[in-house]
Amino acid sequence: MSKIYCPLNYTMKLIGTKWKPLVLFHLLEGPVRSGELQHKIPEISNKMFTQTVRELEKDELITRKVYPVVPPKVEYELTKKGRSLESILRSLDLWGKEMSAF
């Protein structure tokens, strides 16, 4: 029996958690330091933030750059693959704005 391929299933595996779309959305404007990115999502715990960015990095949607300074400076940035989600993320943001007006 052949496996049925579902593009939406693939997409949801990459970005279909509570936190991934938020992290990706906040990176649309460019590189963001780790602490600043986490501050933009106040409800996320340290553990979930770390797990989320690691998964996004593993899936090649973001990159992590560590600067050799004290204290450590870490920045996250969208990859080309991550940036390709921009229209989807902006559409979700717009939909949320429109629905919150009800």
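The residue numbering used here restarts from 1 in each chain and proceeds along that chain's sequence as written. Where totals are concerned, whole chains, interfaces and linings use all residues; where local detail is concerned, this predicted model gives features only for residues with pLDDT of at least 70, and gives and counts side-chain atom pairs only at 80 or more. Hydrogens and water molecules were not included; the side-chain quantities draw on all heavy atoms of the structure.

Q: Where do I start with the side chain of T52 in this structure?
A: With respect to the element layout, T52 can be found in helix α4 (residues 46-58). Among residues more than four places away in sequence, those in contact with T52 are W19, K20, V23 and I44. Numbering goes from the N terminus for both helices and strands, where a helix is a DSSP run of H or I of at least four residues and a strand is a run of E of at least two. It only takes one pair of heavy atoms within 4.5 Å for two residues to be counted as in contact.

Q: What am I meant to see in the pattern of salt bridges here?
A: Between side chains of opposite charge, a pair can form as their charged atoms come close. Between Lys or Arg on one side and Asp or Glu on the other, a salt bridge is scored when a side-chain nitrogen of the former is within 4 Å of a carboxyl oxygen of the latter. The final tally for this structure, using the stated rule, is 6 salt bridges. Between E86 and R90 there is a salt bridge, with the nearest N and O atoms lying 2.9 Å from each other. Note that E86 and R90 are positioned in helix α6 (residues 86-99) at a spacing of 4 residues, about one turn of the helix. Only protein chains enter the accessibility calculation, which uses a 1.4 Å probe; a residue is then buried when its area is under 20% of its type maximum, exposed when over 50%, and partly exposed in between. Relative accessible area serves as the criterion here: at 24%, E86 is assigned to the partly exposed category. Here R90 falls in the partly exposed class, since its relative accessible area comes to 33%.

Q: Would you mind going over the UniProt feature "domain: HTH hxlR-type" (unreviewed entry) in the protein chain with me for this structure?
A: Residues given the UniProt feature "domain: HTH hxlR-type" (unreviewed entry) here are residues 6-102. Secondary structure content for residues 6-102 is 55% helix and 14% strand, while the C-alpha to C-alpha distance between its ends is 33 Å. UniProt positions are given in the numbering used here, feature names are shortened, and annotations may be inferred rather than shown by experiment.

Q: What's the story with the confidence of the model for the protein chain in this structure? I'm lost.
A: In low-pLDDT regions, the fine details of the predicted coordinates are not to be read closely. Chain-level statistics for the protein chain give a pLDDT mean of 93 and a share of 96% at 70 or above. Values of pLDDT, the confidence the predictor places in each residue, fall between 0 and 100. Mean pLDDT in the protein chain bottoms out at helix α1 (residues 7-15), which sits at 90, and peaks at helix α5 (residues 80-83), which reaches 98.

Q: Help me out: how do you make sense of the nonpolar core in this one?
A: As used here, the term nonpolar core means buried Ala, Val, Leu, Ile, Met, Phe, Trp, Tyr and Cys residues forming a set that is joined through side-chain atoms within 4.5 Å. One finds V23, L24, L27, L37, L61, I62 and Y76 to be the most contacted residues of the largest nonpolar core, which totals 21 residues. Only α1, α2 (20-26), α4 and β3 (73-78) provide two or more residues apiece to this core. Excluding residues that lie within four positions of it along the chain, L24 makes contacts with I15, L56, L61, I62, L78, L85 and L89.

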